[in-house]
Amino acid sequence: MVIDLSTTHRAPVRTCVGCRRRESRVDLLRVVAVEEGDRLVAVPDVRSRLPGRGAWLHRCPGCLDLAERRLAFTRALRLRGPLDLALLRRVIT
Ligand SMILES: [Zn+2]
């Protein structure tokens, strides 16, 4: 009998808000919304330490595009307004 330890001892899994695939959280980037004046800016939470609600995303422009088109950040982070993704775009290339 073979027991596959790789699937039983895994890091916590999160769902990418872009492609909706489930992934170990170490392979995803946590994104939080930070208020800057009257704008909401998407900030990559590289150390997973920023407070508040987070959205998880592959470090992949395709997933960022998908998330933007689906308004996935707005939903995942429960935002009332549009989210500025310019900073995130510079990080995810
Ligand atoms: Zn993805």
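Below, the structure is looked at part by part. (Residues numbered from 1 in each chain as written. Predicted model: local features only at pLDDT ≥ 70, side-chain atom pairs only at ≥ 80, totals over all residues.)

**Regarding unusual backbone geometry**
Thinking step 1. In this model, Leu 71 sits at a positive phi of 55 degrees, which is unusual for a non-glycine residue.
Thinking step 2. Summarising the element assignment, Leu 71 is placed in the loop between helix 2 (61-69) and helix 3 (72-76).
Thinking step 3. A positive phi is found at Arg 78, a non-glycine position, where the angle reads about 55 degrees.
Thinking step 4. Relative to the helices and strands, Arg 78 resides in the loop between helix 3 and strand 6 (83-84).
Thinking step 5. Arg 78 sits in the exposed class, given 10 other C-beta atoms within 10 Å. (Helix = DSSP H or I, 4+ residues; strand = E, 2+ residues; numbered from the N terminus. Buried ≥ 20, exposed ≤ 12 C-beta atoms within 10 Å, placed from the backbone.)

**A closer look at the nonpolar core**
Thinking step 1. With 18 residues, the main nonpolar core has Val 17, Val 31, Ala 55, Leu 57, Ala 67 and Phe 73 as its most contacted residues.
Thinking step 2. At the level of elements, strand 3 (28-36), strand 5 (55-58), helix 2 and helix 3 are the ones that each hand at least two residues to this core.
Thinking step 3. Ranked by residues supplied to this core, first place goes to strand 3 with four residues.
Thinking step 4. Not counting chain neighbours up to four residues away, the residues in contact with Val 17 comprise Ala 55, Trp 56, Leu 57, Ala 67, Ala 72, Phe 73 and Ala 76. (Core = buried A, V, L, I, M, F, W, Y, C linked by C-beta atoms within 7 Å. Contact = placed C-beta atoms within 7 Å.)

**Focus: the sheet that holds strand 3**
Thinking step 1. Overall, mixed pairing links the four strands, which are arranged 5-3-4-6 in an open sheet. Where the open sheet ends on each side, the last strands, each with one partner, are strand 5 and strand 6.
Thinking step 2. Across four bridges, the pairing between strand 3 and strand 5 is antiparallel. Along strand 5, the bridge assignment pairs Leu 28 with His 58. (Pairing = 2+ DSSP bridges.)

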